[in-house]
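In case you want the letters, here they are:
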Amino acid sequence: MSPEALTDRAPAGTSPAEWAARVELAACYRLFGRLGWHEMIYNHITLRVPGTEDQFLINPFGLMYREVTASNLVRIDTEGRVLDGSAYGVNPAGFIVHRSVHMARPDAHCVMHTHTTAGLAVACQEEGLLPISFPAVFYTDRLAYHDFEGITLEREECARLAASLGTRNAMILRNHGLLTCGPTVADAFAELYHLQRACEVQVAALAGGRPIRTPPAEVARRAAAQFDATARHGEQNALLFAAMLRWMDEAEPGFRR
Ligand SMILES: [Zn+2]
């Protein structure tokens, strides 16, 4: 759906562009809830407010993803201070991870971070993501890793986390979870969807107890290059997210409130 189509009910005081961003982000929270990619009241998906460099939308701390709506998302600055008069607070530790990426990467308007069981399981495995499955080979030479440093509260870790990510859009936080970013919600979601699937398949394949067949490295690299060309182009990602938006409109349209 085009952003224009989402702006028809922008309330007074909110720009049409910010309202469109709020609707899209709220839909994404509901989608994560449906997919089981939530951590109860923790974890975040953040989106830069259109037309700003240093303002972001984030979920209200204390609500589950299924309770997030366009209007209860909180607009904050780089320090996590509330800018829109919201009665809700935000999770400062959670935002530090997202802030690290947003501030180091002007192109990373959307940042997603999850603690899914499959993502965490692979994040705990010494070798990280193995290039063994259709979605996993997409990440050959495209995946960053960041070593575990505990709950991210230290500003010094921000620079290390951003350095670990570099110019990549997908990262495994070792022992912790998954992180993706992109210029749009749709792009970050597509990265996370395929990475999550790769982790689920790896966990299932290793649990099978049978020898694992690994494709030749050149096949994996070629598949990654093909995926990268598609991922950075964005058209398929937009199609995928538009379908997710239709699903959420049918399943739980309350996100548009
Ligand atoms: Zn986390």
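Keep in mind it's a predicted model, so treat the numbers as computed, not measured. (Residues numbered from 1 in each chain as written. Predicted model: local features only at pLDDT ≥ 70, side-chain atom pairs only at ≥ 80, totals over all residues. Heavy atoms only, no water.)

Enquirer: What is the right way to look at the overall build of the protein in this model?
Expert: Helix and strand counts for the protein stand at eight helices and seven strands. Against the globule reference of 18 Å for 257 residues, the protein gives a C-alpha radius of gyration of 18 Å, in line with a compact fold. By principal-axis analysis of the C-alpha atoms, the protein measures approximately 60 × 40 × 30 Å. Of the contacts formed within the protein by residues at least 6 apart in sequence, a portion of 67% connects residues at least 24 apart. Charge centroids of the protein, computed over 24 positive and 29 negative side chains, lie 4 Å from each other. (Helix = DSSP H or I, 4+ residues; strand = E, 2+ residues; numbered from the N terminus. Rg over C-alpha atoms; globule rule 2.2 N^0.38 Å. Contact = heavy atoms within 4.5 Å. Lys, Arg positive; Asp, Glu negative; His and termini not counted. Charge placed at Lys NZ, Arg CZ, Asp CG, Glu CD.)

Enquirer: So what exactly am I meant to see when it comes to helix α3 (residues 117-124) here?
Expert: Each α-helix winds once per 3.6 residues, and so residues spaced three or four apart point in a common direction. Taken residue by residue, α3 has A118, G119, V122 and A123 as its buried positions. The buried residues of α3 occupy an angular sector of 140 degrees when projected down its axis, which confines them to one face. Check the buried side of α3 and you find it contacts β6 (170-173), β7 (177-182) and α6 (185-207). (Buried < 20%, exposed > 50% of the residue type's maximum accessible area, 1.4 Å probe, protein only. Arc of directions from axis to C-beta.)

Enquirer: Which parts of the structure should I look at to understand the coordination of the zinc ion?
Expert: Six octahedral donors around a metal ideally sit at 90 or 180 degrees from one another, while four tetrahedral donors ideally sit at 109.5 degrees. On the protein side, the zinc ion has H113 (NE2), H115 (NE2) and H176 (NE2) as donor atoms, found 2.0 to 2.1 Å from it. If you list the donors of the zinc ion from N- to C-terminus, the spacing comes out as H-x1-H-x60-H. A residue pair is termed long-range when its members are at least 10 positions apart, and H115 in the loop between β4 (110-114) and α3 and H176 in the loop between β6 and β7 qualify at 61 residues. With relative accessibility at 21%, the residue H115 sits in the partly exposed group. (Donors = N, O, S within 2.8 Å, 3.2 Å for Na, K, Ca; no water.)

Enquirer: Please clarify how the packing of helix α2 (residues 92-104) against helix α5 (residues 155-165) should be interpreted in this entry.
Expert: A packed helix pair is summarised by two numbers, namely the angle formed by the two axes and the spacing between the axes. Where α2 meets α5, the axes come as close as 9 Å, and the angle between the chain directions of the two elements is 55 degrees. Judged on the interaxial angle alone, α5 and α2 are oblique. Between α2 and α5 the crossing geometry is right-handed. Between α2 and α5, the contacting residues are I96, V97, R99, S100, V101 and A104 on the first element and R155, C158, L161, A162 and L165 on the second. (Axes fitted to C-alpha atoms, helices over the stretch in contact; angles between N-to-C directions. Parallel < 35°, antiparallel > 145°, perpendicular 65-115°, else oblique. Left-handed = near helix turned anticlockwise from the far one by under 90°.)

Enquirer: How should I be thinking about the sheet that holds strand β5 (residues 143-146) in this particular structure?
Expert: Either a parallel or an antiparallel arrangement is found when strands of a sheet pair, and the pairing is made through backbone hydrogen bonds. Spatial ordering of the open sheet is given by β3-β2-β1-β4-β7-β6-β5, a layout of seven strands whose pairing is mixed. Of all strands in the sheet, those bounded by a partner on one side alone are β3 (74-77) and β5. Across the sheet, the axes of successive neighbouring strands diverge by a mean angle of 25 degrees, strand direction being ignored. Running at roughly 150 degrees to β7, α6 makes contact with β1 (44-48), β4, β5, β6 and β7 of the sheet. (Pairing = 2+ DSSP bridges.)

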